[in-house]
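Topology and contacts: notes
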Amino acid sequence: MALLRFYTEGLDHSALTHIPLVTLIHGIFRGIATEESSLNPWNYRFNDYWQVSSRYLTFSHDLASCDLVVLPYDWYWARGPHWRQRYADPVVAPVVATLNQQLYDKAVAAGKPVVLFFTGDRSHEAVPFPKAIILREGLYQSRRQAQEFVCPAFAEDLLQQVTQINPSLTPGEVVIRPKTDRPTVGFCGLAKPITLNKRVKDLYYHGSMLVSQGNWDVSPYLGEKLRIKAIKRLKSNPDLQTNFIVRSESVFLGTSPDQQKIFRQDYIQNLIESDYILCCRGSGNYSFRLYETLCMGRIPLFLNTDSAFPYDFLQDWQQYCVWVEPKDLKSLPQKVLAFHNALSAQDFIDLQQRCRQFWLEWLSVQGFFSHFHHHLSHLGLIPTPTPES
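Everything numeric in this text was worked out from a predicted model, so none of it was measured.

Analysis parameters
- Residues numbered from 1 in each chain as written.
- Predicted model: local features only at pLDDT ≥ 70, side-chain atom pairs only at ≥ 80, totals over all residues.
- Heavy atoms only, no water.
- Axes fitted to C-alpha atoms, helices over the stretch in contact; angles between N-to-C directions.
- Helix = DSSP H or I, 4+ residues; strand = E, 2+ residues; numbered from the N terminus.
- Contact = heavy atoms within 4.5 Å.
- Nonpolar A, V, L, I, M, F, W, Y, C, P; charged D, E, K, R; others polar.
- Pairing = 2+ DSSP bridges.
- Expected span 1.5 Å × (residues − 1).
- Buried < 20%, exposed > 50% of the residue type's maximum accessible area, 1.4 Å probe, protein only.
- Arc of directions from axis to C-beta.
- Salt bridge = Lys/Arg side-chain N within 4 Å of Asp/Glu carboxyl O.
- Polar contact = N/O pair within 3.5 Å; in protein donor to acceptor, adjacent residues only side chain to side chain.
- Right-handed = clockwise from strand over helix to strand, strands pointing away.

**So, the packing of helix α8 (residues 288-295) against helix α10 (residues 345-363)**
- Running from amino to carboxyl end, α8 crosses α10 at an angle of 115 degrees, the nearest separation of the two axes being 7 Å. Along the contact surface, α8 presents Y291, L294 and C295, while α10 presents C355, R356, F358, W359 and L363.
- In terms of residue class, the contact of α8 with α10 is built from seven nonpolar, no polar and one charged.

See below:
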């Protein structure tokens, strides 16, 4: 595949020097992350790609000769992280919005494809770029437009950290679990009981969305509700072994760095010691845990909430998951057992390896961006790649 030639501008605004460029192009202009941080390895999850990103794309100094225009800043910085918080930073937000809008207008006037990235829990919301190719972290399949695609919630390679749990394990090598008659379903994360206060917030959210956006929208608390129901169902079936660590607070919120490290190690150990991992959306319509599960060579037990996925126009995601619709939650244990019992001992081992390989080739930072040209070819903007591409 020939290098994609991209054009961008507005990289040196004085108000944005501390704001990263979108991951696709950040490494070409700003290099790799170098801050010392032994507690937060996820800070470096982009470095492997940034070191080699010039293999896949090259900066065009001329708008007229580029293949695509990349808006330099994630729309997250203009929109903000939370439904009650309009901006991530009130100084940054208007600058990001203005620079992206100016470049978008210039690209459209020149007849060039333009790419926008929008990550975070509000990434399903409308943006003021009707002709852009949009890479969203969260997306509802039923609302999806032809030019909308999904960007993974990028995780660091957790398999490189397994020696923190057990020094005898090999970094990067799937810890294979043999098939047993009683499969183990794991979960380590937030699942607080739904309180009256949360129910009031739920109603307030729907009212706020109805006023501001003209639709009821899906509650950001849906994922937590589904997790609690799923955990209860799974625990009730004696034919399943459950391996649940239920937290009352998020690892990323209100915890010290030392506590974050402990929580992260618990999380990795829970993945190692489970066959299937319960994966469900969070506040946004995507699951970080889904990608981390595949990374570890574990089989997701995925609760579908009108979800869309990276490269779902090329890859059959259901072959890697126990796939469950929320309406079928009552039969969740039976669906796990039926899936598990249909696998031979070798099938079960092979699926663990295939999950890991799928993440490496398509969902890791380098894997995802090495195939980025498929989005353009899917839209007919560049020739269809050969099979080896």
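**Quick look at the sheet that holds strand β4 (residues 114-118)**
- Pairing in this open sheet of six strands is parallel, and the strands run β2-β1-β3-β4-β5-β6 from one edge to the other. Looking at the sheet topology across the chains shown, the edges are occupied by β2 (57-59) and β6 (148-150). Shown here is a sheet whose adjacent strand axes are inclined to one another by a mean of 35 degrees, direction ignored.
- Relative to strand β3 (residues 68-70), strand β1 (residues 4-7) runs parallel, the two sharing two bridges. Pairing of Y7 across the sheet is with V69, part of β3.

**Considering helix α6 (residues 222-235)**
- With 14 residues, α6 extends 20 Å from end C-alpha to end C-alpha; this agrees with the ideal 20 Å at 1.5 Å per step.
- Within the sequence span of α6, burial applies to G223, E224, L226, R227, A230, I231 and L234. Down the axis of α6, the buried side of the element spans an arc of 160 degrees, and every buried residue falls inside it. Projecting away from the buried face of α6 at angles above 90 degrees are the exposed residues K229 and K232.

**Concerning the pattern of salt bridges**
- For the structure on display, the rule yields 12 salt bridges.
- Close ionic contact of E125 with R79 constitutes a salt bridge, the shortest N to O distance being 2.5 Å. In this pair, E125 is assigned in the loop between β4 and β5 (133-136) and R79 in helix α3 (residues 76-79), connecting sequence segments 46 residues apart.
- Here R356 and D157 are joined by a salt bridge, their closest N and O atoms 2.8 Å apart. One end of the pair, R356, is in helix α10; the other, D157, is in the loop between β6 and β7 (184-190), and 199 residues separate them in sequence. The two residues R356 and D157 agree in class, both being buried.
- Several salt bridges converge on common partners, so that one network encompasses R79, R122 and E125.

**Some points on the side chain of N304**
- Mapped onto the secondary structure, N304 falls in the loop between β10 (299-303) and β11 (322-324).
- Within polar-contact distance, the side chain of N304 engages the backbone nitrogen of D306 at 3.5 Å.
- Ignoring sequence-local partners within four residues, the contact set of N304 consists of W323, V324, E325 and P326.

**Brief notes about the pairing of β10**
- In terms of burial, β10 is largely enclosed, as five of its five residues are buried.
- Burial of β10 is two-sided: the residues I299, L301 and L303 facing one way and the residues P300 and F302 facing the other way are all buried.
- Here four bridges tie strand β9 (residues 276-279) to β10, and the two strands are oriented parallel to one another. From the neighbouring strand, C279 faces β10, where its bridge partner is F302.
- Handedness of the β-α-β unit built from β9, α8 and β10 comes out right-handed.

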